[in-house]
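# Breakdown of the fold
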Amino acid sequence: MKVLKTIEELQNVRKSITSTVGFVPTMGALHDGHISLIKQARNENDIVIVSIFVNPTQFLPTEDLDAYPRKDEADKRICEMCKVDYVFMPEISTMYTSEEVLIKAPNKSYILEGRTRPGHFDGVLQVVLKLFGLTQPTNAYFGKKDAQQLSLITQMVRNLFLPINIIPCEIIREADGLAMSSRNVYLDEVQRKDSLLICKSLYTAASLIGKNELNSNVLKQRMNDVMSTLDVEYIAIVDRDFNEIENIELKNSIILVVARFGNTRLLDNIWV
């Protein structure tokens, strides 16, 4: 495995590759969710590139850029164990200059996650497009947990005619059901226990759907009941294009939840 730090190093490596490339962009602090993406990329491609870069343009001024967990040495060991070929770990000054060409996210970036984090998805799409340009992947791997991000990246690739397959990957959960996230480390013991109500609410909705309850308002009310002790930011039921829907459409719906635990936001969802 080689660790690359500069644009020139990555470009030179990419020029020498003639086979399929699987790309996994991350912000580091790798956990089993990231490892599942890397393993799938390893199984489906000749070469695997992982990027580790805490992207400043997707953090709002009030958010936790400086506090975001960084575990560079551990991350490199994990990548090596997963048989990654190249790890790209640039500095901020490498990825951004004073003359930026900004990428403007579409209107649906201002709903749900974008409603409370305006401009967040502009920063996400900006860095992902830069990374796509550098790595030129055959396949790029993203988790379904960040469903709105996945939808916007897929739309960007489609709109810009990029020859990249976006591969959605299943949510990986802790043994007790909590969706894996780098931010889980911020939870204290009480918050960690309370956070299980998020996945419990989703399982409740799934159980009701299994009994043919498809009304979105009914499902959201029952989920709110389960999470009555939490600071729930939103519950949304949308189709795969992120339009809110009145009734569940089987194989075309996503139920999303965000709750706050102090300064920590946790998001989760199920794809119906």
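Anyway, here's the lowdown on the structure attached to this text. (Residues numbered from 1 in each chain as written. Predicted model: local features only at pLDDT ≥ 70, side-chain atom pairs only at ≥ 80, totals over all residues. Heavy atoms only, no water.)

Glancing now at the environment of Met89. Along the chain, Met89 falls in the loop between β4 (86-88) and α4 (92-95). On the basis of relative accessibility, which here comes to 5%, the residue Met89 falls in the buried class. When the C-alpha atoms of Met89 and Asp32 are compared, they prove to be 20 Å apart, with 57 residues separating the residues in sequence. Residues within four places of Met89 in sequence aside, it is in contact with Val3, Leu4, Lys5, Ile52, Asp72 and Lys76. (Helix = DSSP H or I, 4+ residues; strand = E, 2+ residues; numbered from the N terminus. Buried < 20%, exposed > 50% of the residue type's maximum accessible area, 1.4 Å probe, protein only. Contact = heavy atoms within 4.5 Å.)

On to the packing of helix α9 (residues 196-210) against helix α10 (residues 216-226), then. Their axes nearest at 9 Å, the elements α9 and α10 cross at an angle of 145 degrees. Like other packed secondary-structure pairs, α9 and α10 cross with a definite hand, here right-handed. Residue-level inspection shows Leu197, Lys200, Ser201, Leu202, Thr204, Ala205, Leu208 and Ile209 of α9 in contact with α10, the latter providing Leu219, Arg222, Met223 and Val226. Tallied by class, the residues present in the contact of α9 with α10 amount to eight nonpolar, two polar and two charged. (Axes fitted to C-alpha atoms, helices over the stretch in contact; angles between N-to-C directions. Left-handed = near helix turned anticlockwise from the far one by under 90°. Nonpolar A, V, L, I, M, F, W, Y, C, P; charged D, E, K, R; others polar.)

This brings us to the sheet that holds β4. To summarise the sheet geometry, strands pair through backbone hydrogen bonds and adopt either a parallel or an antiparallel arrangement. Strand order in this open sheet of six strands is β1-β4-β3-β2-β5-β6, and the pairing throughout is parallel. If you trace the sheet from one side to the other, it starts and ends with β1 (2-4) and β6 (165-169), each paired once. Along the sheet, successive strands turn relative to each other by an average axial angle of 25 degrees, direction set aside. In this structure, strand β3 (residues 47-52) lies alongside β4, joined through three bridges in parallel fashion. In the sheet register, Val50 faces β4, and the bridge partner there is Val87. (Pairing = 2+ DSSP bridges.)

Another aspect to go through is the pattern of salt bridges. Summed over all chains, the structure comprises 11 salt bridges. We note a salt bridge from Glu73 to Lys76, for which the minimum N-O separation is 3.0 Å. Here Lys76 and Glu73 lie together in helix α3 (residues 72-81), a separation of three residues that amounts to about one turn. The salt bridge involving Arg260 is made with Glu233; its shortest N-O contact spans 3.0 Å. With Arg260 in strand β8 (residues 253-261) and Glu233 in strand β7 (residues 231-239), this pair connects stretches of sequence that are 27 residues apart. Three or more residues are tied together by salt bridges with common partners; here these are Glu113, Arg117, Glu233, Arg260 and Arg265. (Salt bridge = Lys/Arg side-chain N within 4 Å of Asp/Glu carboxyl O.)

A separate point is the sheet that holds β7. Spatially, the three strands line up as an open sheet ordered β7-β8-β9, and their pairing is antiparallel. The sheet is open, and its two edges are formed by β7 and β9 (264-271), each paired on a single side. When strand polarity is set aside, the average angle formed by the axes of neighbouring strands in this sheet is 15 degrees. Relative to β9, β8 runs antiparallel, the two being bridged by eight bridges. In the sheet register, Leu256 faces β9, and the bridge partner there is Asn269. Here α10 sits on the sheet and contacts β7 and β8; the angle it forms with β7, its principal contact strand, is near 155 degrees.

Treat this as a map of the structure, not an account of what it does.
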